[in-house]
Every structure is written in structure tokens, then in C-alpha cells.
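Reading the structure
Here is what each chain is made of, one letter per residue.
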Amino acid sequence: MPVDDLRVGSAVAPLDRCVSRVQSTLFSAAIRFAHQVHFDDELCRAQGWKGVILPGFLLGNWCLEAVTRMLGPRSVVRSVSFRLTSVAYPETKLRISGEVTKVERDAEWTLVTCAMTVVDPEDTLLTKATVTVGVPATD
């Protein structure tokens, strides 16, 4: 979507994501965040979960991905914050969606802020995020 067409309330095109347990483990290894809850079923079941859970950083990253896909390859991440509200499991189709909450323009940049969510197939809110991305003004 052209940045000039964005308005408060514009939808961010949703992303659907589903990762395997192996992909989740590889993501954790890649970011050097090998917490036990991402590979130890027994520990997770003792916590009351169905099994290992997805890394929160992965869910936050998907929110960022949705916004930068919408704004294109020239977009520059300015800030990302996210809060996990429930656990997510591998092999589960998740929906990442959101909307534009703020658009600020000046001579050099357009800053776009989006409120994002990640939900599971039962519509359980898993993550809430705020993503701000800058797009340079065209010449």
C-alpha cells in the first residue's frame, strides 16, 4: 500500500503463520534464547501447558514483519514493543493483524504506528504489539 494512502484505521494486511517445533527451536537458537519452555515438554506440562511454547520474540517479530511488508523494502523500523497475553504452541495456525493508529509526515519521513495482535484459531489473544516504522519521503 502506498504510504500516502495510509490513514488512521487503515488495516494491516493479515499474516497467517504456523511453525513446527523444529523451526521454533531453530529460531530460539538463532537469537540465542534457549529457554527451557521452548524445548522441554515435561517442564511445560508441569506449568499447565499442553507442551512446549513458541518464543515470544517470534510472535513480536511477526507483528513487525506484517507492518514492514505493508510499507515495503524502504521502511525502517523505529520502535517495537510487545506484550504476551497467553502462550502459543508449535503446529498451530496463528493470525497476525492490526491497524494504523498514527501517521506523522514531515519533509524527510512518514512515520507509521500500528497496533498489532496475534490470535490463535480460537481467537485467543496471544500478543499485543505496537510497531512504528519510518518510510523516507520520495524525491
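Data block above holds the structure.
Here's what I pulled together on the structure shown here. Numbers given for residues are sequential positions, taken from 1 along each chain in its written order. A pLDDT threshold of at least 70 governs which residues receive local features in this predicted model, and a stricter bar of 80 or more applies before side-chain atom pairs are shown or counted, although totals over entire chains, interfaces and linings include all residues. Neither water nor hydrogens contribute to the side-chain values; these are computed over all heavy atoms in the structure.

**Looking at the side chain of S20**
Here S20 shows up in the loop between β1 (11–17) and α1 (21–30). Exposure classes here rest on a 1.4 Å probe applied to the protein chains alone. A residue is buried below 20% of its type maximum, exposed above 50%, and partly exposed in between. The class of S20 is buried, set by a relative accessible area of 19%. Here, two residues are considered to be in contact whenever any of their heavy atoms come within 4.5 Å of each other. Contact partners of S20, with chain neighbours within four places excluded, come to P90 and E91. Helix numbering and strand numbering both begin at the N terminus, where a helix is a DSSP run of H or I of at least 4 residues and a strand a DSSP run of E of at least 2.

**Considering the pairing of strand β5 (residues 125–136)**
The side chains of a regular strand alternate, residue by residue, between the two faces of the sheet. Taken across its twelve residues, β5 has nine buried, putting it largely inside the fold. Strand direction decides the pairing type here: strand β2 (residues 76–84) and β5, joined by eight bridges, are antiparallel. Bridge pairing in β5 links R83 to K128. Here strand β4 (residues 109–119) runs beside β5; their pairing, made up of eleven bridges, is antiparallel. Looking across to β5, one finds that V112 is bridged to V133. A pair of strands is treated as paired once DSSP finds two or more bridges between them. Hairpin geometry of β4 and β5 is characterised by an intervening segment of five residues between the two adjacent antiparallel strands and by a positive phi of about 70° at D123.

**A word on the sheet that holds strand β3 (residues 94–105)**
The strand order across the open sheet built from five strands is β1-β3-β4-β5-β2, with neighbouring strands paired in antiparallel fashion. Each edge of the open sheet carries a strand with a single partner, namely β1 and β2. Shown here is a sheet whose adjacent strand axes are inclined to one another by a mean of 20°, direction ignored. Note on geometry: axes are C-alpha line fits, over the in-contact stretch for helices, and angles between N-to-C directions span 0 to 180 degrees. Helix α3 (residues 56–71) contacts β1, β2, β3, β4 and β5 of the sheet and is inclined by roughly 135° relative to β1.

**Concerning the pairing of β3**
Relative to β3, β1 runs antiparallel, the two sharing five bridges. Note that in β3 the partner of D16 across the bridge is R95. Both β3 and β4 contribute to a ladder of ten bridges, which runs antiparallel. Bridging across to β4, R105 finds its partner in T110. Remark: three residues form the turn of the hairpin made by β3 and β4, two consecutive strands paired antiparallel.

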